[in-house]
Amino acid sequence: MPNYAYSFLNLFLRFRSASNGIWVIRRHSHLPKALYGGRHIVTMLPGSGIGPELMCAVKHVFMCGGVPVNFEEIETTSDIDCEESLNHAITSIRRNGVGIKGNIEACQVIQDVVSRNVVVRNQLDLYVNVLNCKAYPSVPSRHKDLDLILIRHNTEGEYSMIEHESVKGLVESMRITTRMNSERVARFCFEYAKNRCRKKVTSIHNKKIMTVSDGLFLSTSSEVAKEYPEIEHTDMSLNEFCMKVVTNPQQFDVLLLPNLYGNIVSHVVCGMIRGAGLISGENYGDHYAVFETGTRNAGTQIAGKNIANPVSMLNASVDMLKYLGYYFHADIIKTAIHKTINEDCIHTPDLGGKATSSDVLGNIISYVYEARMAANWPYPKPHGVKGERYSIPH
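Residues numbered from 1 in each chain as written. Predicted model: local features only at pLDDT ≥ 70, side-chain atom pairs only at ≥ 80, totals over all residues. Heavy atoms only, no water.

Trainee: What is the right way to look at helix α4 (residues 116-123) in this model?
Mentor: Residues lying three or four places apart along an α-helix face the same way, a consequence of the helix completing one turn every 3.6 residues. Of all eight residues that make up α4, six are buried, and the element is covered over most of its length. The complete set of buried residues in α4 reads Arg 116, Asn 117, Val 118, Val 119, Val 120 and Arg 121. Looking at the buried side of α4, the elements it contacts are α3 (83-96), β6 (98-101), β9 (157-167) and β14 (280-284). Immediately beyond the C-terminal end of α4, within one or two residues, lies Asp 125, with a positive phi of roughly 55 degrees. (Buried < 20%, exposed > 50% of the residue type's maximum accessible area, 1.4 Å probe, protein only. Helix = DSSP H or I, 4+ residues; strand = E, 2+ residues; numbered from the N terminus. Contact = heavy atoms within 4.5 Å.)

The structure is reproduced here in structure tokens:
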């Protein structure tokens, strides 16, 4: 079935009236998630670099915690010959409604191969990306009380992938900004802030240079802000924001950003709290959700060395469980992560420590196992808990 047919089926259900034979179209606000035998099916895309290691960690924690989730694992790469696996992955997420993915490293050699990560987001219309950049008390950083939410456009702007070489040596790249997408991302942002009792939203722009595109983004967010009088709305130019966020980030609460600015700012803020291995990212559309690490790094240089921090992907799995409604399981894993990082101070090299991936994962599994036993769950004892060395299988 072609891709447009799936989109049509996702929006409408047709049935024929028995009385007069008239076709009626009903709109669906939410699509049911794939659920078989009381267990959710989630698409898993390991990606490149350290992605397979991190996914293996997620599977072991879920198995230990008795989480009622099964994974449909699909290998995807940036190779030009792997279009079939990419289409299979997108179809799987459409079928299951939820996915968790590692970063698919972009091909730097062949110019015509577009980013697989962007294709996934565009095909599934995952129009918004959410990062909650909250500092961990035990991790050395200059801003230990930082708690900042980033809401980023995900499918437009410079990531529209529309560029061409007009004549030899002259390349044109188009930046797409639409009122429809600007409005729905802005509305998502204010609803997100309202539901989490946040008081301030700041729109980041470069209107002095990008007068029309950033002007549309800013005017649209200002119009939406009028519907939320309880939330303060301000705007700030990108260059001014970059200066202030590294000196006094506590003045910000929720950030609303276009696509490219959001990519840059998310890496800056995560770096301020050493959060590349800690912070998760959430991608949402009207019908699908995909969870991943916050900074979207493949980590190819440290793959297979047992030093990658598994916490960012485990936090992504916690976000996924909350999305699916498994708050009890999510809280157990979140608590295990908190105790491992903040109380036991088991830190991988990216956090200034000397622990391995196995050390972090084994400690988290120990706490998950304790919580499971306290709940009297009838599952066998997993390997690697209570002092036993736990190694990530390959």
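That shown, we press on.
Trainee: I keep staring at helix α8 (residues 259-272) and nothing clicks. Help me out?
Mentor: Here α8 spans 20 Å end to end across 14 residues, near enough to the 20 Å set by a 1.5 Å rise per residue. Buried within α8 we find Asn 259, Tyr 261, Gly 262, Val 265, Ser 266, Val 269, Cys 270 and Met 272. Each buried residue of α8 sits inside an arc of 150 degrees when the element is viewed along its axis, so together they form one side. (Expected span 1.5 Å × (residues − 1). Arc of directions from axis to C-beta.)

Trainee: Is there a simple way to think about a positive patch on the surface in this case?
Mentor: A contiguous patch of positive charge, built from Lys 134, Arg 196, Lys 322 and Lys 334, is present on the exposed surface. Here Lys 134 lies in strand β7 (residues 128-134). Lys 134 sits in the partly exposed class, given a relative accessible area of 48%. (Patch = residues over 30% accessible without salt bridge, like charges linked within 9 Å, V, L, I, M, F, W, Y side chains within 5 Å. Areas by Shrake-Rupley, 256 points an atom, 1.4 Å probe, with all protein chains shown as cover. Salt bridge = Lys/Arg side-chain N within 4 Å of Asp/Glu carboxyl O. Lys, Arg positive; Asp, Glu negative; His and termini not counted. Charge placed at Lys NZ, Arg CZ, Asp CG, Glu CD.)

Trainee: Looking at this structure, I do not really get the pairing of strand β11 (residues 200-205). What am I missing?
Mentor: Successive side chains on a regular strand alternate, one facing one side of the sheet and the next facing the other. Of all six residues making up β11, six are buried, and the element is well covered by its neighbours. Neither face of β11 is left uncovered, since the one carrying Lys 200, Thr 202 and Ile 204 and the one carrying Val 201, Ser 203 and His 205 both have all their residues buried. Pairing geometry for β11 and strand β12 (residues 232-237), over six bridges, is parallel. Residue pairing across strands places Val 201 opposite His 233, the latter belonging to β12. As a crossover connection, the stretch from β11 through helix α6 (residues 213-225) into β12 is right-handed. Pairing of β11 with strand β13 (residues 254-257) involves three bridges; the strand directions are parallel. Across the sheet, Thr 202 pairs through a bridge with Leu 255, a residue of β13. (Pairing = 2+ DSSP bridges. Right-handed = clockwise from strand over helix to strand, strands pointing away.)

Trainee: It is not clear to me how the pattern of salt bridges should be interpreted in this structure. Could you clarify?
Mentor: Two side chains with opposite charge may pair up if their charged atoms get near one another. Tallied over the full model, the rule gives 14 salt bridges. The partner of Lys 59 in a salt bridge is Glu 73, and the shortest N-O contact between them spans 2.9 Å. Highlighted residues: Lys 59 in helix α2 (residues 51-65) and Glu 73 in strand β5 (residues 69-73), separated in sequence by 14 residues. Among the residues examined, Lys 59 registers a relative accessible area of 31% and is labelled partly exposed. Among the residues examined, Glu 73 registers a relative accessible area of 39% and is labelled partly exposed. With a closest N to O distance of 2.7 Å, Glu 292 and Arg 296 form a salt bridge. Neither Glu 292 nor Arg 296 differs from the other in exposure class; each is buried. In this structure, a network of salt bridges that share partners links the residues Lys 101, Glu 292 and Arg 296.

Honestly, it's all geometry; don't read function into it.
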